[in-house]
Amino acid sequence: MGRCNTNKFEKNNRTWKILIVDDEQDIHKIIKMIFDNHKIDDMNLEIFSACNSDEAIFLLKENSDIAVALVDIVMETEDAGINCVRRIRNELKNDKIRLILKTGYPSQIPGPEILEAFDISMFKQETDLTTQIIIEMICTSIKEFQTK
């Protein structure tokens, strides 16, 4: 597939780690398919999957070097994604990981105070997500991760 370049990067890791937090299995399959054979700065991507907030927190405790998390807002509860990012920032004290929120429910769009409070890199409605936008979001978020 394609490549993107973040210019400055460290090669102490061989892969960029990306976490997908979503209760829809098809989302995990689609993201993995998009990034199959995709490289960023000549580094492969390793995709981790969590179907709920607790799984995401467990994976982040085990893999503190995950660069980006794409988190669905509505999972086991209407605000599960917001609670997940709250736990990442407050409980895990992880301020480096770049967080992308998404939702398929217009009524669950987070306000700017949420995006600022939890240092959310991006928010997208699922209807706006194309393959190209997903790739751009991950590339941009990895650039941000490198500067943190």
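Our subject is the structure that appears above.
To keep things clear, this report deals only with the structure shown in the data block. For clarity, every value in this text was computed on a predicted model and none was experimentally measured.

### Observations regarding the overall build of the protein chain
- Scanning the protein chain from terminus to terminus reveals five helices and seven strands.
- Going residue by residue from the N terminus, the α and β elements of the protein chain occur as β-β-α-β-β-α-β-α-β-α-β-α.
- Computed over C-alpha atoms, the radius of gyration of the protein chain comes to 14 Å, within 12% of the 15 Å expected from 2.2 N^0.38 for 148 residues, which places it in the range of a compact globule.
- By principal-axis analysis of the C-alpha atoms, the protein chain measures approximately 40 × 30 × 25 Å.
- Evaluated residue by residue, the protein chain yields a buried proportion of 47% over its 148 residues.
- Positive and negative side-chain charges in the protein chain, numbering 19 and 26 respectively, have mean positions lying 8 Å apart.

### Regarding the pairing of strand β7 (residues 120-125)
- As defined by bridge partners, strand β6 (residues 98-103) adjoins β7 across five bridges and the pair is classed as parallel. Directly across from Leu 99, in β7, lies its bridge partner Ile 120.
- In this region the chain leaves β6, passes through helix α4 (residues 112-117) and returns to the parallel neighbour β7; the handedness of that crossover is right-handed.

### Quick notes on the packing of aromatic side chains
- Scanning the entire structure with this criterion turns up one aromatic pair.
- Between Trp 16 and Phe 145, the ring centres sit 6.5 Å apart and the planes meet at 90°, which makes this aromatic pair edge-to-face. Here Trp 16 is found in strand β2 (residues 15-21), whereas its partner Phe 145 is found in helix α5 (residues 131-147), with 129 residues between them in sequence.
- Since its relative accessible area comes to 10%, Phe 145 is described here as buried.
- The ring of Phe 145 is capped by Lys 96, whose NZ or CZ atom sits 4.7 Å from the centre of that ring.

### Overview of the nonpolar core
- Among the nonpolar cores identified, the biggest contains 26 residues, and Leu 19, Val 71 and Leu 101 are the most heavily contacted of them.
- When residues of this core are traced back to their parent elements, those giving at least two are β2, β4 (43-50), α2 (53-62), β5 (68-72), α3 (80-91), β6 and β7.
- Broken down by element, the residue count for this core peaks at five residues, all from α3.
- Leaving out residues up to four positions away in the same chain, Leu 19 has contacts with Phe 48, Ser 49, Ala 50, Ala 56, Leu 59, Leu 60, Ile 66, Val 68, Ala 69 and Leu 70.

### Considerations on helix α1 (residues 25-34)
- For α1, the set of buried residues is His 28, Ile 31 and Ile 34. For α1, the arc enclosing every buried residue in end-on projection is 130°, short of the 170-degree limit, so these residues lie on one face. Opposite the packed face of α1, turned more than 90 degrees from it, sit the exposed residues Lys 29 and Met 33.
- Contact partners of the buried residues in α1: β2, β4, β5 and α5.

### Here we look at the pattern of salt bridges
- Enumeration over the complete set of coordinates arrives at ten salt bridges.
- The closest approach of N and O atoms between Lys 17 and Asp 65, which form a salt bridge, is 3.1 Å. Placement of Lys 17 in strand β2 and of Asp 65 in the loop between α2 and β5 is noted, with a sequence separation of 48 residues between them.
- Residue Glu 91 pairs with Arg 87 through a salt bridge whose shortest N-O separation is 3.0 Å.

The rules we used
Sequence order sets the numbering: in each chain, residues are counted from 1 along the sequence as written. Only residues with pLDDT of at least 70 get local features here, since the model is predicted, and only at 80 or more are side-chain atom pairs given and counted; chain-wide, interface and lining totals rely on the full set of residues. Hydrogens and water are ignored here; the side-chain numbers use all heavy atoms of the structure. Runs of H or I in DSSP of at least four residues are treated as helices and runs of E of at least two as strands, each being numbered from the N terminus. Only C-alpha atoms enter the radius of gyration, while the globule expectation follows 2.2 Å times N to the 0.38, with N the number of residues. Exposure categories follow from relative accessible area, calculated using a 1.4 Å probe and restricted to protein chains: below 20% of the type maximum is buried, above 50% is exposed, and the middle band is partly exposed. When charges are tallied, Lys and Arg are placed among the positive residues and Asp and Glu among the negative ones, while His and the ends of the chain are skipped. Note on charges: their place is set at NZ of Lys, CZ of Arg, CG of Asp or CD of Glu. Any two strands with at least two DSSP-identified bridges between them are counted as paired. Assignment of crossover handedness uses the view with strands pointing away from the viewer, where a clockwise path from the first strand over the helix to the second indicates a right-handed crossover. Two aromatic rings from Phe, Tyr or Trp, using only the six-membered ring of Trp, form a pair when their centres are within 6.5 Å; if the ring planes differ by under 30 degrees the pair is stacked, by over 60 it is edge-to-face, and anything between is tilted. Two limits define a charge over a ring: the Lys NZ or Arg CZ must be within 6 Å of the ring centre, and within 35 degrees of the ring normal. Only buried residues count toward a nonpolar core, which is a set of Ala, Val, Leu, Ile, Met, Phe, Trp, Tyr and Cys residues joined through side-chain atoms within 4.5 Å. Any two residues having at least one pair of non-hydrogen atoms within 4.5 Å are treated as being in contact. Taken from the helix axis, the directions to the C-beta atoms give the arc we talk about. Salt-bridge detection follows one rule: a side-chain nitrogen of Lys or Arg within 4 Å of a carboxyl oxygen of Asp or Glu.

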